[in-house]
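Breakdown of the fold
These are the residues of each chain, in order.
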Amino acid sequence: MSPIQSGEDYIVFSSISKSFGSNKALDDVSVIAPRGRVTAVVGENGAGKSTLMKVLAGVVEPDAGSVTIGGERKSFRTTREAALSGVGMVYQETALVPELSVWENIILGWEPVGAGATLSKHRARRDVIELSERYSLPVPVDALVRDLPVSVQQQVEILKVLHRQADIVILDEPTSVLTPQERVGLFDAMTNLQAEGKTILFISHKLDEVLNTAHHVTVMRKGRVVASQDNRDLDRRSLARMIVGRDVAPIERRAAPALGRVVLDVSSVALGALHEGPGIRGASLQVRQGEVVGLAGVSGSGQYELVQAIAGLETPDRGSVVFDGTREVRIDAKSNSAQSVSALRAAGIGHIPADRNLVGSLRGRPLWYSAVAGRLHEPEFCRRGIIRIKTARALASDIIAAGDVVASGPDAHPESLSGGNLQKFIAQRELMLKPVLLLAEEPTHGIDIGAAREVRQKLRQVAADGGAVLVASTDLDELLEMCDRIIVIFDGRVVLDKVRAACTEEMLGAAMTGLDEEQAA
Amino acid sequence: MNKSSLTVSLSRYVLAAVIGLLVASLILQSQGYPITEFLSVLATSTVGTPYAFLDVLRWMTPLLLSGLAFLIAARVGYFNLGVEGQIYIGSLFSAVITHVLPLPPVLALLVGILAGMAGGLIWAYPCAWLAKRFGVNEVVTTLMLNYVAVLITSFLVKQFFLATTVNGGTIQTITTDEIEANAVLPTFTPYSALNAGLFIAVAVTAVAAFVLGRMRTGYELRAVGEAPKFAKYSGIPVARRKFQAFLVSGAIAGLVGALETQGVLHSFIAGSLDNMGFNGMLVSLVAMNNPIGLFASALFFGVLQNSQLVISQVTTVSSYLITVVSALFILAFAANPIQFIMKTWRARRER
Amino acid sequence: MSGEFAALSAVILFVIVSGLQSATPIMLAATGGAFSAQVNVFNVALEALLLGSAFTSFCAAHVTGNVWIGLLVGILTGVVLAAIFAFLTVTLGGNEIIIGFGMNIAVTGLTAVLLGSLFNSPGSFLSPTAGSFPMIYSKIGWLTLVALLLVAVAHWHTFHTRAGLRMRAIGFDSSAALAAGIRVDAYKYRAVIMGGALCGIGGAVIPLSGLSLFSVAMTAGMGFIAIAAVILADGRPILAGAAALFFGFTSAIGIQLQAFGWPNELVLALPYVATVLALLVKAIIGLRREAKRRTRQADQGQITTTNIEVVA
């Protein structure tokens with residue numbers, strides 16, 4: 001390769017177009033990324049940034065246009081071809097094998113072999129340790145990936161890319177799973193990579209990070225490039241305007257609400273881990289009428305287990321959950337999940353689950369199946385055991401109309417709806433019950449800004465109307481925007497419970513990673 | 001369903017039928033028979049004599065219910081491969097009770113049927129319980145219990161229930177004594193084994209189709225099988241419904257045994273119930289696990305089953321040929337090559 | 001006293017010898033099935049693979065008078081049938097249980113039809129020319145040793161080769177393996193076909209050990225017991241082989257019990273019942289282990305970046 005000066009045009013996308021069926025993901029995109037620098041690719045969900053990077057990484061082949069690296073035109077049909085040319089991508093959802101160890105995951109697919117086809121374990125471990133030290137990415141080499149926190153898993157992913165001798169490292173929304181403190185660690189790692197001469201491309205929708213870390217910014221909207229420039233002349237507002245195409249006003253903060261009675265009383269609830277982490281080891285909290293309470297915690301903190309226990313989906317090992325809705329429902333270690341869920345629903349709980357595809361809706365069947373979820377005990381929808389399909393379809397139509405959902409009708413299948421629309425459908429379905437308490441898990445995860453805004457507005461409306469809302473989320477920005485009070489779960493316990501006004505992002509981030517407040521500063 | 005997807009679905013059946021037909025004809029031809037021999041055998045066995053078609057209907061009874069048994073378990077995601085064994089146990093229960101208890105006409109019939117259903121349910125119980133309580137894979141346990149069922153029924157009959165011949169000796173085959181006349185399901189003509197059991201089979205299947213399609217139970221079973229997390233979220237007791245469906249599946253398999261005993265065999269005869277369970281699985285799969293499709297599917301396999309005897313009478317080829325045809329039909333059907341071809345064609349355009 | 005001791009040791013010897021003999025085909029099928037399990041393919045067609053290979057190896061040995069040619073033909077058959085299974089499930093996407101079971105029925109029927117057509121002896125046929133595999137001691141043949149050896153080789157393959165690592169990765173999380181650039185479908189084919197070859201050997205053993213006999217459906221569920229052994233072992237070759245041996249021994253113990261007056265049918269049912277009980281025991285152990293893991297996690301607390309030990 002001819003010697004190229006750092007900063008010069010290195011990766012050149014020329015007129016890239018790509019369509020998936022009728023969806024034009026990339027429309028004549030031309031972008032340049034300089035060598036040895038950090039380039040951020042920003043935009044809303046669905047803007048095309050992921051797709052563009054996937055073209056570079058060899059995951060997707062463009063319909064038109066070309067990619068040039070260091071002056072040579074490249075055309076990748078597989079990720080392996082891209083890897084051979086020095087391109088590696090770290091995905092948003094970790095692509096590691098949880099049941100294998102760190103070193104096994106790092107060498108997987110690029111293994112050093114000894115005699116015959118024997119795996120050279122000794123050499124493999126040694127290579128991994130060397131790599132880890134060289135790039136200052138400490139990882140426990142023999143630990144199983146499933147026992148590691150997400151931030152460490154991400155470092156394993158980066159090492160995996162480096163093991164394949166990547167010169168170009170693509171990071172897809174790397175900070176969406178990290179707390180503020182962990183983000184610092186990531187940016188340090190990026191600096192190290194840069195010092196070794198790597199070119200970094202990272203996808204994000206978080207404006208502050210982009211402005212702080214990237215030298216070069218490319219903005220995309222609806223499959224097109226809107227701007228591609230140095231970050232010198234950018235500020236937050238102009239960047240936001242470029243991303244969305246108009247001025248975005250934040251949701252109005254309302255004054256502290258007048259609180260009513262306690263509707264949810266969680267007392268010393270403990271539940272063993274459903275995935276990684278210690279589970280919830282004894283948590284207590286209360287939610288009153290009129291409040292929006294946020295529940296923050298990284299994956300593995302116990303937040304997930306606590307929410308499942310409150311929703312009645314898992315029976316706690318110890319402690320109790322008392323819901324004071326239209327009638328009182330008590331859940332403790334002697335309860336039965338199916339009965340708890342039905343009782344909670346009947347007493348006025350609404351639940352927006354984290355997984356809208358596998359939990360919140362019934363895939364492969366018309367929407368009315370999903371519309372009557374948990375309501376078949378009502379005579380309106382089911383009489384003498386026979387389902388009244390007509391009223392079920394009418395309900396689905398009502399939800400679609402009231403929730404401003406884009407769907408072809410009550411017979412459409414959930415998988416034909418976009419993520420945002422399905423989420424709106426599920427949210428509206430729960431709201432139709434006029435819940436006394438609405439439990440919302442990751443309510444705006446993976447949906448576009450417009451739909452996200454609508455959902456948040458609806459949640460706040462529930463509280464304004466006298467209901468109560470409990471929002472579980474890993475998105476601190478969202479919690480700070482929406483909630484009146486924030487609770488942080490770490491290591492299976494409640495470590496922070498404060499009104500919104502008294503919280504800062506750093507304080508919350510510190511609590512989420514178990515650091516002292518002074519350490520966070 | 002729009003027109004093009006209807007054509008695609010139909011072509012799936014046609015392709016499978018063609019493959020089955022082709023192989024059968026090839027095998028027959030290799031033995032020196034003309035290429036159309038298979039088709040002519042099918043025609044003879046189905047409509048050759050005035051009563052041939054009645055025999056086809058006679059086979060529909062066990063095939064329909066066997067298919068239903070498999071279907072109900074499949075609805076909740078279980079592969080009940082133990083229908084075979086559950087039929088055996090059901091048949092034995094029915095034969096013994098109806099022989100031992102002298103009862104008035106309708107009551108004797110009902111008691112025999114209920115005994116058969118109980119037998120099937122009891123035999124399904126351990127597999128269902130192991131699956132529910134411990135998560136033990138039901139495919140293997142049901143298969144194992146099939147072998148045990150055949151062995152244990154033989155043992156029980158030889159030990160306790162062996163039929164006695166007219167002059168007081170013991171019979172050579174493994175058979176029980178004849179059942180009470182009051183428990184026998186009446187036939188329509190003396191020339192065919194077709195009996196009133198068909199009405200029961202059709203009625204049960206129709207009721208099941210209604211429950212599965214229009215009633216709350218059907219909704220819950222469907223949710224449990226297709227989207228268990230959604231079902232749990234909706235407040236449906238997932239494990240309990242799966243368990244209940246498995247038991248019902250066993251009971252219906254037992255019903256098959258009872259109807260065979262009381263309708264055709266009039267006792268328990270080892271070896272005469274072979275393959276009813278597996279054929280039922282084939283019936284259900286071809287019906288795409290849709291209860292209404294069971295009728296057509298059972299008819300189709302009834303034709304095949306009926307031709308089995310004729311094959312070995314008219315040709316020198318073993319009656320197992322029909323087994324081969326059925327199996328190949330299923331393989332071609334399940335592998336769905338047309339869908340694959342269309343999918344790759346579409347994907348190639350996209351990439 | 002010594003008379004009883006002699007009787008007891010005769011019984012134990014019989015159980016070991018007979019157990020090894022009956023376990024050999026199960027061991028081979030289970031080791032082969034383990035490969036499929038490692039890549040998350042539920043190979044239900046083991047019975048078909050065994051029976052098909054048994055038939056073709058029998059025919060080949062009958063025609064040539066040479067058991068080793070029979071063995072070769074058996075291996076080839078196993079490979080071909082396995083390839084068909086892989087094609088129908090991996091490439092065409094058919095359901096493994098339906099396809100596997102369908103193949104079982106098809107092969108049972110086909111071998112029965114061919115048995116009648118080729119040898120004019122429906123039901124079973126005793127071959128005067130086929131011969132049988134040489135024995136080392138009593139009824140234990142060389143192929144039993146080969147089977148034990150192959151279990152060890154399979155273990156080495158699974159845990160000490162690059163292909164083994166990739167196969168395990170595919171089995172745990174195929175989308176992660178795909179992201180790592182591994183050609184998942186190719187490895188699935190490879191796993192199934194390797195298993196097919198092993199089943200081919202297992203199939204050849206059945207009709208040609210002692211009696212040169214083939215009868216309809218003579219595998220009598222051995223393939224399904226092998227599947228159970230694979231499930232018990234979670235795809236680990238040595239455990240699968242051990243489970244297969246266990247089932248072989250229950251069969252032999254059953255025969256001994258017959259001598260003590262146990263009825264024929266109940267004795268024959270022993271291996272099947274043993275399989276179900278073994279699965280139950282495994283499930284209970286699994287649940288206990290899961291509960292222990294959860295309490296351990298609860299005690300350990302959450303791992304964070306600050307308390308991770310560097311590299312090590």
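That block above? That's the structure.
Presented here is a report on the structure given in the accompanying data block. (Residues numbered from 1 in each chain as written. Chains lettered and ligands numbered in written order. Predicted model: local features only at pLDDT ≥ 70, side-chain atom pairs only at ≥ 80, totals over all residues.)

Digging into the overall build of chain C
- When helices and strands are counted, chain C shows 11 helices and 4 strands.
- Computed over the C-alpha atoms, the radius of gyration of chain C is 22 Å, within 12% of the 20 Å expected from 2.2 N^0.38 for a compact globule of 312 residues.
- Taken along the three principal axes of its C-alpha coordinates, chain C extends 75 × 60 × 30 Å.
- Evaluated residue by residue, chain C yields a buried proportion of 55% over its 312 residues.
- Look at the contacts in chain C between residues 6 or more apart in sequence, and 78% of them connect residues 24 or more apart. (Helix = DSSP H or I, 4+ residues; strand = E, 2+ residues; numbered from the N terminus. Rg over C-alpha atoms; globule rule 2.2 N^0.38 Å. Buried ≥ 20, exposed ≤ 12 C-beta atoms within 10 Å, placed from the backbone. Contact = placed C-beta atoms within 7 Å.)

Overview of the environment of Phe76(A)
All names here are of chain A.
- Structurally, phenylalanine 76 is set in the loop between strand S5 (72-74) and helix H2 (79-84).
- Residues phenylalanine 76 and arginine 456, 380 residues apart in the sequence, show an inter-C-alpha distance of 41 Å.
- Ignoring any residue separated from it by four or fewer positions in sequence, one finds phenylalanine 76 in contact with Gly58, Glu81 and Ala82.

What about the interface of chain B and chain A?
- Listed by partner, the interface residues are 17 residues for chain B and 21 residues for chain A.
- Among the elements of the structure, helix H8 (216-226) and helix H9 (228-233) of chain B are those that each provide at least two residues to the side of chain B that touches chain A.
- The residue inventory of the side of chain B that touches chain A, partitioned by class, reads 8 nonpolar, 2 polar and 7 charged. (Nonpolar A, V, L, I, M, F, W, Y, C, P; charged D, E, K, R; others polar.)

A closer look at the sheet that holds strand S21 (residues 485-490) of chain A
Residues and elements named next belong to chain A.
- Reading across the sheet, the 6 strands line up as S16-S19-S20-S13-S21-S22 and stay open at both edges, with mixed pairing between neighbours. Bordering the open sheet on either side are strand S16 (349-352) and strand S22 (493-499), each of which pairs with just one other strand. Each adjacent strand pair in this sheet contributes to an overall mean axis angle of 15°, direction not counted.
- Sheet topology places strand S13 (residues 292-296) next to strand S20 (residues 468-473); 5 bridges connect them, and they run parallel. Bridging across to S20, alanine 296 finds its partner in serine 473. (Pairing = 2+ DSSP bridges. Axes fitted to C-alpha atoms, helices over the stretch in contact; angles between N-to-C directions.)

As for the sheet that holds strand S6 (residues 87-90) of chain A
Residue and element names in this part refer to chain A.
- An order of S6-S7-S8-S3-S9-S10 is seen for the 6 strands of this open sheet, with the pairing classed as mixed. Each edge of the sheet is formed by a strand with only one pairing partner; in this case those strands are S6 and strand S10 (224-230). Each neighbouring strand pair of the sheet contributes to a mean axis angle of 15°, computed without reference to strand direction.
- The sheet contact formed by S6 and strand S7 (residues 168-172) spans 4 bridges and is parallel. If you follow methionine 89 over to S7, its bridge partner there is isoleucine 170.
- Contacts between helix H1 (residues 49-57) and the sheet are confined to strand S3 (38-42), S6, S7, strand S8 (199-204) and strand S9 (216-221), with S7 contributing the most and set at about 150° to the helix.
- Across the sheet, helix H5 (residues 150-163) lies against S6 and S7, angled at about 170° from S6, the strand it touches most.

Here's the deal with the interface of chain C and chain B
- Across the contact, 39 residues belong to chain C and 36 residues belong to chain B.
- Contributions of two or more residues to the side of chain C that touches chain B are made by helix H4 (96-119), helix H9 (222-233) and helix H11 (264-300) of chain C.
- Broken down by element, the residue count for the side of chain C that touches chain B peaks at 14 residues, all from H4(C).

Some remarks on the packing of helix H3 (residues 52-75) of chain B against helix H7 (residues 197-214) of chain B
Residues and elements named next belong to chain B.
- Between H3 and H7, the least distance of the axes is 9 Å, while the angle of their chain directions is 25°. Overall, the two elements H3 and H7 adopt an arrangement that is roughly parallel. Crossing geometry of H3 relative to H7 is assigned as left-handed. Residue-level inspection shows Leu57, Met60, Thr61, Leu64, Leu65, Leu68 and Arg75 of H3 in contact with H7, the latter providing Gly197, Leu198, Ala201, Val204, Thr205, Ala208 and Leu212. (Parallel < 35°, antiparallel > 145°, perpendicular 65-115°, else oblique. Left-handed = near helix turned anticlockwise from the far one by under 90°.)

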